[in-house]
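Take a look at the letters that make up each chain.
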Amino acid sequence: MTERKPIGVFDSGVGGISVLRELMRLMPGEDFLYLGDSVHAPYGTKALEEVRRLTIKNVELLLERGAKSIVIACNTATSAAVALLRKKYPDLPLVGIEPAIKPAVLENPRARVVVMATPMTLRQEKFQKLMGMYEEKAEILPLPCPGLMEFVERGDLESQELRRYLTELFWTVSEKPVEVIVLGCTHYPFARDMIQEVVGEQVKIYDGGNGTAREMRRRLEEAGLRNPSSEGGAVTFLNSRNTTEEQELCNFLLHR
Ligand code: DGL
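This report concerns the structure included in the present document.

Calculation rules
- Residues numbered from 1 in each chain as written.
- Predicted model: local features only at pLDDT ≥ 70, side-chain atom pairs only at ≥ 80, totals over all residues.
- Heavy atoms only, no water.
- Pairing = 2+ DSSP bridges.
- Helix = DSSP H or I, 4+ residues; strand = E, 2+ residues; numbered from the N terminus.
- Axes fitted to C-alpha atoms, helices over the stretch in contact; angles between N-to-C directions.
- Contact = heavy atoms within 4.5 Å.
- Parallel < 35°, antiparallel > 145°, perpendicular 65-115°, else oblique.
- Left-handed = near helix turned anticlockwise from the far one by under 90°.
- Nonpolar A, V, L, I, M, F, W, Y, C, P; charged D, E, K, R; others polar.

## Observations regarding the sheet that holds strand β6 (residues 139-144)
Read across the sheet, four strands follow the order β6-β5-β7-β8 without closing on themselves; strand pairing throughout is parallel. Only two strands of the sheet have a single neighbouring strand rather than two, namely β6 and β8 (204-207). Mean inter-strand twist for the sheet, computed between neighbouring axes without regard to direction, equals 25 degrees. Strand direction decides the pairing type here: strand β7 (residues 180-183) and β8, joined by four bridges, are parallel. From the neighbouring strand, Leu183 faces β8, where its bridge partner is Asp207. Docked against the sheet, helix α8 (residues 160-171) engages β5 (112-117), β6 and β7, running at close to 130 degrees with respect to β5.

## Structural notes on the packing of helix α1 (residues 17-26) against helix α10 (residues 209-222)
As a packed pair, α1 and α10 sit with axes 8 Å apart at the nearest point and diverge in direction by 50 degrees. One way to sum up the angle between α1 and α10 is to call them oblique. Note on packing geometry: the crossing formed by α1 with α10 is right-handed. Contacts from Val19, Glu22, Leu23 and Leu26 in α1 reach Gly209, Asn210, Thr212, Ala213, Arg214, Met216 and Arg217 in α10. Its residues assigned to classes, the contact of α1 with α10 comprises five nonpolar, three polar and three charged.

Right, here's the structure in full:
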């Protein structure tokens, strides 16, 4: 019988739980080990070398705890370190996340697409290349959102302060109407309702969580590592800020 090993998932904090939800929906029989590095969050405004170092540490910890595969549920860590990790662990099923520009553009040709992400994600060559591939098919506007993930880290998904932050953020791209938004940071889906309220119901919003989960399922099937059990799997939360409040926040976000 195959040993029951978990899928390791990590993020700079609690944002990757938006990807974990998709993974669980798609593969309910699997066990998951989720690591949030909230002590060092945010990653998106740090130096590249620092994010690479922290990312490698997260992967090592999950492997030590028995993970059979890894999901980098953080756009920032993916853009900074996925190439490095693929070299370091050539045989490990490893999947990262990137802003869902492809479906957003293909489903909305010639639209005005705003990509919300951390300053680091938008600066990296990986993002520049991705944008380059779709630039002729739509008007793509990168929108750095420093400070937004912190609301989610505090569990604040609906305050007036968050509404004000988002309203001011969208002033910077308001010369023409926004038609499509890509949530290029895994924390942002938790602020989705408020974003929708601020930009209006007509705006279509995309995120990369489901695509990433599907890719992980494909990689596990290919490697013969899918858990054949039909019993509901378990989720274990680890966080570098090891407090009861943090555990509660993780459970709260998982059931949003
Ligand atoms: N959740 C992370 C992402 O997807 C980043 C937040 C941060 O640490 O700055 O990019």
